[in-house]
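Structural description and commentary
Given next are the chains, with one letter for each unit.
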Amino acid sequence: MESATLNSSQFTTLSGPLRSRNQPLRLHRSSISFRSSNKLSVRASAVGGNDSTVTLLDYGAGNVQSIRNAIRYLGLDIKDVQTPEDILNAKRLIFPGVGAFGAMMDVLNNNGMAEALRAYIENDRPFLGICLGLHLLFESSEENGPVKGLGLIPGVVGRFDSSNGCRVPHIGWNVLQVKKDSIILDEVANRHVYFVHSYRAVPSEENEEWISSTCNYGNGFISSIRRGNVHAVQFHPEKSGDVGLSILRKFLLPNSSVTKKPFEGKAKKLAKRVIACLDVRTNDNGDLVVTKGDQYDVREQTKENEVRNLGKPVELAGQYYSDGADEVSFLNITGFRDFPLGDLPMLQILRCTSENVFVPLTVGGGIRDFTDANGRYYSSLEVASEYFRSGADKISIGSDAVYAAEEYLKTGVKTGKSSLEQISRVYGNQAVVVSIDPRRQYLTSPYEVGFKSVKLRNLGPNGEEYAWYQCTVNGGREGRPIGAYELAKAVEELGAGEILLNCIDCDGQGNGFDIDLIKLISDAVSIPVIASSGAGKPEHFSEVFSETNASAAVAAGIFHRKEVPIQSVKDHLLKKDIEVRM
Ligand code: 1PR
């Protein structure tokens, strides 16, 4: 049967053993009759389920597992839209737009969903659009375009301007200026919510009456709209912790009363993120454990030489969520040699974690093309898709991004075929992190190598004044002929939305982040950089945020060993006047 997706090659549908319970909707032309808008009518008495059912429009392009989990967490059932009639009959409809605007509109226009949505919204039926679900309401978007939207709100959705110093994508926890009573924002109370996007709509006189809140990032943009029963938000309530769940609850269960007055926050601007990172691998008994290395060596220095076991992944991730981590990352550190989709427990970890953790989840390790022992070929896009379907919000690519960058720098040609390019094209670059594992190589003069070097704050072991940062692959096992600076700039061009910047020399040492490296890279690119490796105390976080342009900082060992609670890192940052989410 013919697929109704216009750009069907982008919407990979898995088959066989990889098919998951939440496989994206595949639309078949023969089952959808295209109707003209004057034939569409919304039934006032909904037949789309009872009060405990919400209708979800998942058009098959992306990572909507998080919103499914949040809806279920709030005790509601989900009815998936299969036909335009399901939209018209919905009692409450959520559209968590993901992916790219142009591809989304192609799908919606070609199967009659766009018309059904327009009719549903014009009839003031309960609607919540998220991210692209907000963009859709405007006249058009510049993303892949211009491409026409539903045209219900005047205005054009455009890209953030990175020339004014703001990093694009806008990723992180920012604050809303609530403009009018919007009901669903009643409990936000000056606290941060999570954004991840490169495009935004701007306020104007023409669309003023729709705006319920704005947010500031360089300039003001529309963070939510409301008219009657129609709501849409630019941020992700399903990833905004308790605050986000309260927003969803207000929309889904409008009659539920809050007994406790919401805690009044003091959020002012985009917060620096504190991220907990869990390196995961199988130990010698075959159990998946959280481990942690010293300079990437994760084995105990004992006769048995066993893999260090610092806890169970799902439990630790849940703990970090309740302790206030702004994001949680899982790195499958042996993914370079084992096929990650053969590692079903890892996918299970992701599924279980995402059911109860409502901040962004990143997963990395082994994202590359792969042919298994039976000769079955899996593209990196399939691997990433399965990670997204299992609950990841972002994926992180290590080794494969190094090869892609080397090739790009050698040929100057973007083939569009690397895992990085393919995944960012389908899921958007905000969903693709590149993890860099560099090792310091000391120099006596900056001209000794053809890679960008830095003048060191602390001299090298033999009094060297300079170093370059050599990228490695396979968990630091192999050095490659490319520097971290060159790699960072190349992967930004190839579509990375964020950089996770490790440093093998500092990993597990507790002596602080490599400020020279983080400054070098965060000054070189205009995408957000996450500082990683070496955190030993709260002061290391204030140092990295004061002395570099890092947008976030990771710690692993000090959190796993319970030496420093996440909250004390945040308390310290607040004292130093560094904005954090509380
Ligand atoms: O190459 O795409 O399969 O991805 C593999 C991923 O696994 C990469 O992101 C790589 O960084 C990671 N990885 C591989 N081997 C190791 C190892 O430790 N042996 N872990 C490893 C990297 C580094 C950080 C760590 C910080 C903070 N872990 O994530 O959490 O250094 O630690 P600290 O606060 O204790 O100092 P691919």
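Keep in mind it's a predicted model, so treat the numbers as computed, not measured.

One pass over the full model with this rule turns up twelve aromatic pairs. Aromatic side chains Phe195 and Phe235 sit 5.7 Å apart centroid to centroid with 70 degrees between the ring planes, which places their arrangement in the edge-to-face category. In this pair, Phe195 sits in strand 10 (residues 193-197) while Phe235 sits in the loop between strand 14 (230-233) and helix 6 (241-252), placing the two residues 40 residues apart along the sequence. We classify Phe235 as buried; its relative accessible area is 0%.

A word on the pairing of strand 12 (residues 211-217). Each regular strand displays side chains that alternate between the two surfaces of the sheet. Here strand 12 lies mainly inside the structure; six of its seven residues are buried. With three bridges joining them, strand 9 (residues 176-178) and strand 12 adopt antiparallel strand pairing. Looking across to strand 12, one finds that Leu176 is bridged to Cys215. Where strand 12 meets strand 13 (residues 219-227), six bridges bridge the pair, whose relative direction is antiparallel. Paired with Ile211 across the bridge in strand 13 is Ile225. Between the antiparallel neighbours strand 12 and strand 13 lie one residue, among them Gly218 with a positive phi of about 80 degrees.

Attention shifts here to a nonpolar patch on the surface. Residues Phe263, Leu574 and Met582 make up a contiguous nonpolar surface patch of roughly 290 Å² in combined accessible area. Turning to its location among the elements, Met582 is positioned in the segment after helix 16 (566-575).

Contacts to the ligand come from 23 residues, most closely from Ser399, Ser435, Asp437, Asp507 and Ser533. The side chain of Asp507 places a nitrogen or oxygen atom 2.6 Å from an oxygen atom of the ligand. For the ligand, an oxygen atom lies 2.8 Å from a polar atom in the backbone of Gly508. Here the ligand loses 98% of its free accessible area of 770 Å² to cover by the protein chains. Along the lines of polarity and charge, the residues of the shell around the ligand split into seven nonpolar, twelve polar and four charged.

Let's shift gears to the pattern of salt bridges. For the structure shown, the criterion picks out 28 salt bridges. Between Asp284 and Arg299 there is a salt bridge, with the nearest N and O atoms lying 3.2 Å from each other. In this pair, Asp284 is assigned in the loop between strand 15 (273-282) and strand 16 (288-291) and Arg299 in the loop between strand 16 and helix 7 (313-323), connecting sequence segments 15 residues apart. Notably, a salt bridge pairs Arg480 with Glu406, separated by 2.8 Å at the nearest N-O pair. One end of the pair, Arg480, is in strand 26 (residues 478-483); the other, Glu406, is in helix 10 (residues 399-411), with 74 residues separating them in the sequence. Across this residue pair, the class does not change: Arg480 and Glu406 are buried.

Conventions and cut-offs
- Residues numbered from 1 in each chain as written.
- Predicted model: local features only at pLDDT ≥ 70, side-chain atom pairs only at ≥ 80, totals over all residues.
- Heavy atoms only, no water.
- Phe/Tyr/Trp six-rings, centres within 6.5 Å; stacked < 30°, edge-to-face > 60°.
- Helix = DSSP H or I, 4+ residues; strand = E, 2+ residues; numbered from the N terminus.
- Buried < 20%, exposed > 50% of the residue type's maximum accessible area, 1.4 Å probe, protein only.
- Pairing = 2+ DSSP bridges.
- Patch = residues over 30% accessible without salt bridge, like charges linked within 9 Å, V, L, I, M, F, W, Y side chains within 5 Å.
- Areas by Shrake-Rupley, 256 points an atom, 1.4 Å probe, with all protein chains shown as cover.
- Salt bridge = Lys/Arg side-chain N within 4 Å of Asp/Glu carboxyl O.
- Near = heavy atom within 4 Å.
- Polar contact = N/O pair within 3.5 Å; in protein donor to acceptor, adjacent residues only side chain to side chain.
- Nonpolar A, V, L, I, M, F, W, Y, C, P; charged D, E, K, R; others polar.

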